[in-house]
Amino acid sequence: MKNQRVIVAICALLLVFSVVLMAEPVKVIAVHYGNPDYAEALTRENYPGFEFYTTDGSEWMYQVENTLFIGANPSHLEGLYGEIPEKMGFSASYTIEKGSDMPYKLGVVYLIGSNGVIVAQSAPQANFIDGEEYWADFNNMKKLLKNLKKNKFPKVLPISKQVYFKSTPIGEYEPYKKSIVDKKASGLIGWNVPEVCVYDGEGKKHKLPDLVKDENCFIVFYTMNAVHKKEGNRKTGEIINEYDEEIPVNAEKEMAGVAKNAENAQTKEDIQNMFKSMLKATAENINSFYGDAVGPLEMAKKVNGSVK
């Protein structure tokens, strides 16, 4: 009888332990693309448990020059180019309609099963703020994450169907005419995680499939405005301008610095400087890309936290 009570107690403890394990958030791999130096703009403390990586920074964005000329189709597809966006399915070719808003301009969120298969991919036009498209992605990923935690894993597409449709070599922009685009917004759902490499904080190279091996997880590609921009002539595609954006400012961090300085304010001049810093931080927050840039990270964080 005593042994039976011990066994029951052990089983109860194991059940509680298993429930606790099920309630744990899954791993999130956050990959910054574009100039790796810009990744430092992110306040990583806001994303506890996330594993941070960068790409080699070779990605670039093509856009048609801003002119008043309207009517003819552009010569090339607008959007992201380079090995990472092209192999991960968030490049210019993954627009759902030619001539629509630039796809994946703020990044992308993937949900991955422990069998290494992509279960879900956020929408090409996702802006990662409250809205119909946002909640469609959110609820879909929430549902699928619950399934993964119940060991309901996705089926992998046959290799014969894991085929890219871009016609030009990696890193070269795609002609608009006769190009094939992702009209069904299927992305890489059902694919094995592609063999691409990312880099940790020490510069060590890692293969993405190795980082997700045997684990349910999220992969988030985001950028702190770090992608090199190229503007082309609408008719010919000839590059006429290239530039890099400014590193975005996190006003939250700036305001924290202002508050700390306020504690040590002793003179009228100190107080004036404090208010100047506060106004500067507020203005930078309004004008910066920071709030948009963290959108993909916030989505993964919220979905992860909503599934117990």
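Procedures and definitions
- Residues numbered from 1 in each chain as written.
- Predicted model: local features only at pLDDT ≥ 70, side-chain atom pairs only at ≥ 80, totals over all residues.
- Heavy atoms only, no water.
- Helix = DSSP H or I, 4+ residues; strand = E, 2+ residues; numbered from the N terminus.
- Buried < 20%, exposed > 50% of the residue type's maximum accessible area, 1.4 Å probe, protein only.
- Contact = heavy atoms within 4.5 Å.
- Areas by Shrake-Rupley, 256 points an atom, 1.4 Å probe, with all protein chains shown as cover.
- Polar contact = N/O pair within 3.5 Å; in protein donor to acceptor, adjacent residues only side chain to side chain.
- Pairing = 2+ DSSP bridges.
- Salt bridge = Lys/Arg side-chain N within 4 Å of Asp/Glu carboxyl O.
- Axes fitted to C-alpha atoms, helices over the stretch in contact; angles between N-to-C directions.
- Core = buried A, V, L, I, M, F, W, Y, C linked by side-chain atoms within 4.5 Å.
- Lys, Arg positive; Asp, Glu negative; His and termini not counted.
- Phe/Tyr/Trp six-rings, centres within 6.5 Å; stacked < 30°, edge-to-face > 60°.
- Lys NZ or Arg CZ within 6 Å of the ring centre and 35° of its normal.
- Expected span 1.5 Å × (residues − 1).

Details of the overall build of the protein chain
Here's step 1: Within the protein chain, the secondary structure is distributed over eight helices and eleven strands.
Here's step 2: Across the 308 residues in the protein chain, those meeting the buried criterion constitute 43%.
Here's step 3: Partitioning the contacts of the protein chain with sequence separation of at least 6, the portion at a separation of at least 24 is 68%.
Here's step 4: Here the protein chain displays about 17,100 Å² of accessible surface, and carbon together with sulfur accounts for 54% of that area.

So, the environment of Arg234
Here's step 1: With respect to the secondary-structure elements, Arg234 resides in the loop between strand E10 (228-232) and strand E11 (239-243).
Here's step 2: Considered as a pair, Arg234 and Glu65 are 169 residues apart in the sequence and their alpha carbons are 6.6 Å apart.
Here's step 3: Here Ala72 takes part through its backbone oxygen, which lies 2.7 Å from a polar atom of the side chain of Arg234.

Points about the pairing of E10
Here's step 1: As defined by bridge partners, strand E3 (residues 60-64) adjoins E10 across five bridges and the pair is classed as parallel. Within E10, the position partnered with Gln63 by the bridge is Glu231.
Here's step 2: As defined by bridge partners, E10 adjoins E11 across four bridges and the pair is classed as antiparallel. Residue Gly232 lies in a different strand from E11, and its bridge partner there is Ile239.
Here's step 3: Between E10 and E11, which pair antiparallel one after the other, the connecting turn spans six residues, and Gly237 there sits at a positive phi close to 85°.

Quick notes on the pattern of salt bridges
Here's step 1: On inspection of all chains with the given rule, the structure shows six salt bridges.
Here's step 2: Glu195 is the partner of Lys207 in a salt bridge, and the nearest nitrogen-oxygen pair spans 4.0 Å. Of this pair, Lys207 sits in strand E8 (residues 205-207) while Glu195 sits in the loop between helix H3 (132-149) and strand E7 (197-199), placing them twelve residues apart in sequence.
Here's step 3: Accessibility expressed as a relative area gives 43% for Lys207, which makes it partly exposed.

Digging into the sheet that holds E10
Here's step 1: Spatially, four strands are ordered E4-E3-E10-E11 in an open sheet, and the strand pairing comes out mixed. Because the sheet does not close on itself, it has two edges, and the strands there are strand E4 (79-81) and E11. Across the sheet, the axes of successive neighbouring strands diverge by a mean angle of 30°, strand direction being ignored.

A word on unusual backbone geometry
It is generally the case that most residues other than glycine have a negative phi and that most peptide bonds are trans.
Here's step 1: One non-glycine residue with positive phi stands out, namely Tyr104, at about 55°.
Here's step 2: Within the element layout of this structure, Tyr104 appears in the loop between helix H2 (83-87) and strand E5 (108-112).
Here's step 3: One non-glycine residue, Lys178, lies in the positive phi region at around 70°.
Here's step 4: The residue Lys178 is located in the loop between H3 and E7 in this model.

Comments concerning the nonpolar core
Here's step 1: Judged by nonpolar contacts, the single largest core of 37 residues is most densely connected at Leu42, Val109, Leu111, Phe218, Met224 and Leu297.
Here's step 2: When contributions to this core are tallied by element, the ones reaching two or more residues are strand E1 (27-32), strand E2 (50-54), E5, strand E6 (118-121), H3, strand E9 (217-222), helix H7 (290-293) and helix H8 (295-306).

Some thoughts on the side chain of Glu231
Here's step 1: Position of Glu231 relative to the elements: it lies in strand E10.
Here's step 2: Comment: no salt bridge for buried Glu231; closest opposite-charge side chain is Lys229, at 9.4 Å.
Here's step 3: Not counting residues up to four positions away in its chain, the partners in contact with Glu231 are Tyr62, Gln63, Glu65, Glu238, Ile239, Ile240, Asn241 and Tyr243.

Focus: the environment of Leu42
Here's step 1: By the secondary structure assignment, Leu42 is in the loop between E1 and E2.
Here's step 2: Here the alpha-carbon distance between Leu42 and Val294, two residues 252 residues apart in the chain, equals 8.0 Å.

Regarding the packing of aromatic side chains
Here's step 1: Tallied over the entire structure, the rule returns 14 aromatic pairs.
Here's step 2: Taking 5.0 Å as the distance between ring centres and 90° as the angle between the ring planes, the aromatic pair formed by Tyr134 and Trp135 counts as edge-to-face.
Here's step 3: With relative accessibility at 8%, the residue Tyr134 sits in the buried group.
Here's step 4: Looking at Trp135, the relative accessible area reads 37%, which means it is partly exposed.
Here's step 5: Joined through ring pairs, the aromatic side chains of Tyr33, Phe90, Tyr104, Tyr110 and Phe221 make up one cluster.
Here's step 6: If you follow Lys98 out to its NZ or CZ, it ends over the ring of Tyr176, 5.5 Å from the centre.
Here's step 7: The residue whose ring lies beneath Lys230 is Trp60, and the NZ or CZ to ring-centre distance is 4.3 Å.

Considerations on H8
Here's step 1: A rise of 1.5 Å per residue sets the reference length of H8, with its twelve residues, at 16 Å; its end C-alpha atoms lie 16 Å apart and thus fit the reference within 8%.
Here's step 2: Within the sequence span of H8, burial applies to Gly295, Pro296, Leu297, Met299, Ala300, Val303 and Asn304.

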